Amino acid sequence: MNTILKYPASLGFILLIVVLMQMFLPIASDEAYFIAWGKTLAPGFYDHPPLPGWISYGLRGLGDLIGLAQQGLIHRLFSLFLGGLSLWLVARRVRAMHVEPGAALITLALIPGFLLMSNTYLNDTLVAFFALVFVLAVDNAMRARRNVWAAILMAGLAFAALRCC
């Protein structure tokens, strides 16, 4: 059975928590610092590698195109996207193990750290996402019977992205 249809109230509750956090947690401190990197492209930013700044640059450009650059909404939506994509990747892996992922995903989604990571634009959000992709790609490479190169390539790209976060 489809997980979303099986647990609609729980998923609605998770969405409500995330939206409330979006409304009441301002963009401040390090998060504003990371977003400010997006004003220019550079090979690195202060004491960090370039990937967060490069992504911020692209998100600022997109925000300028649609008139939302000053609100930081695009950055928040991007982090929510990474959080949702992380849940989807975990659900795929759990389903491949022939286990119903519903309760496990709801538990993961309600972990305060996950809610915070999916709600702010910190370079840690990127690190958490690419670490998950790396672990899942390595797992796929070890389980694959053919096209192992694709899983190895994905693991390598995720590892390279981790080095740039």
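Before reading on, note that the structure itself is shown above.
Residues numbered from 1 in each chain as written. Predicted model: local features only at pLDDT ≥ 70, side-chain atom pairs only at ≥ 80, totals over all residues. Heavy atoms only, no water.

Chemist: Got a minute to help me understand the overall build of the chain in this structure?
Modeler: Check the secondary structure of the chain and you find 9 helices and 0 strands. For the chain, the proportion of its 165 residues judged to be buried stands at 36%. Excluding contacts between residues fewer than 6 apart, the proportion of contacts in the chain whose partners are at least 24 apart in sequence is 62%. By element, 71% of the accessible surface of the chain is carried by carbon and sulfur atoms, the whole surface being about 9900 Å². (Helix = DSSP H or I, 4+ residues; strand = E, 2+ residues; numbered from the N terminus. Buried < 20%, exposed > 50% of the residue type's maximum accessible area, 1.4 Å probe, protein only. Contact = heavy atoms within 4.5 Å. Areas by Shrake-Rupley, 256 points an atom, 1.4 Å probe, with all protein chains shown as cover.)

Chemist: I tried to follow the packing of aromatic side chains on my own but got confused; where do I start?
Modeler: Two measures describe an aromatic ring pair: the distance that separates the ring centres and the angle between the ring planes. Summed over all chains, the structure comprises 2 aromatic pairs. Both rings, one in Phe-129 and one in Phe-130, keep their centres 5.3 Å apart while their planes meet at 65°; by these two values the pair is edge-to-face. With a relative accessible area of 17%, Phe-130 lands in the buried category. Aromatic side chains Phe-134 and Phe-159 sit 5.8 Å apart centroid to centroid with 45° between the ring planes, which places their arrangement in the tilted category. Taken together, the residues span a long stretch of sequence, with Phe-134 in helix α8 (residues 123-143) and Phe-159 in helix α9 (residues 148-163) at a distance of 25 residues. Given a relative accessible area of 29%, Phe-134 falls into the partly exposed group. (Phe/Tyr/Trp six-rings, centres within 6.5 Å; stacked < 30°, edge-to-face > 60°.)

Chemist: It is not clear to me how α9 should be interpreted in this structure. Could you clarify?
Modeler: Along an α-helix, a turn takes 3.6 residues, which lines up residues three or four apart on a common side. For α9, which comprises 16 residues, the first-to-last C-alpha distance of 23 Å matches the rise-based estimate of 22 Å (1.5 Å per residue) to within 8%. Turning to α9, its buried residues are Ala-151, Ala-155, Ala-158 and Ala-161. In a view along the axis of α9, the buried residues occupy a sector of 125°, so they form one face of it. The outward face of α9, more than 90 degrees from its buried face, is lined by the exposed residues Trp-149 and Arg-163. (Expected span 1.5 Å × (residues − 1). Arc of directions from axis to C-beta.)

Chemist: What exactly am I supposed to notice about the packing of helix α4 (residues 51-66) against helix α5 (residues 73-96) here?
Modeler: If you want to describe how two helices pack, look at the angle between their axes and the distance between the axes. Between α4 and α5, whose axes approach to 9 Å, the crossing angle comes to 125°. Between α4 and α5, the crossing angle belongs to the class labelled oblique. Of the two elements, α4 crosses α5, and the hand of that crossing is right-handed. When α4 is examined against α5, the residues Ile-55, Ser-56, Leu-59, Arg-60, Leu-62, Gly-63 and Ile-66 are found in contact with a partner set consisting of Ile-74, His-75 and Phe-78. Residues that form the contact of α4 with α5 fall into these classes: 6 nonpolar, 3 polar and 1 charged. (Axes fitted to C-alpha atoms, helices over the stretch in contact; angles between N-to-C directions. Parallel < 35°, antiparallel > 145°, perpendicular 65-115°, else oblique. Left-handed = near helix turned anticlockwise from the far one by under 90°. Nonpolar A, V, L, I, M, F, W, Y, C, P; charged D, E, K, R; others polar.)

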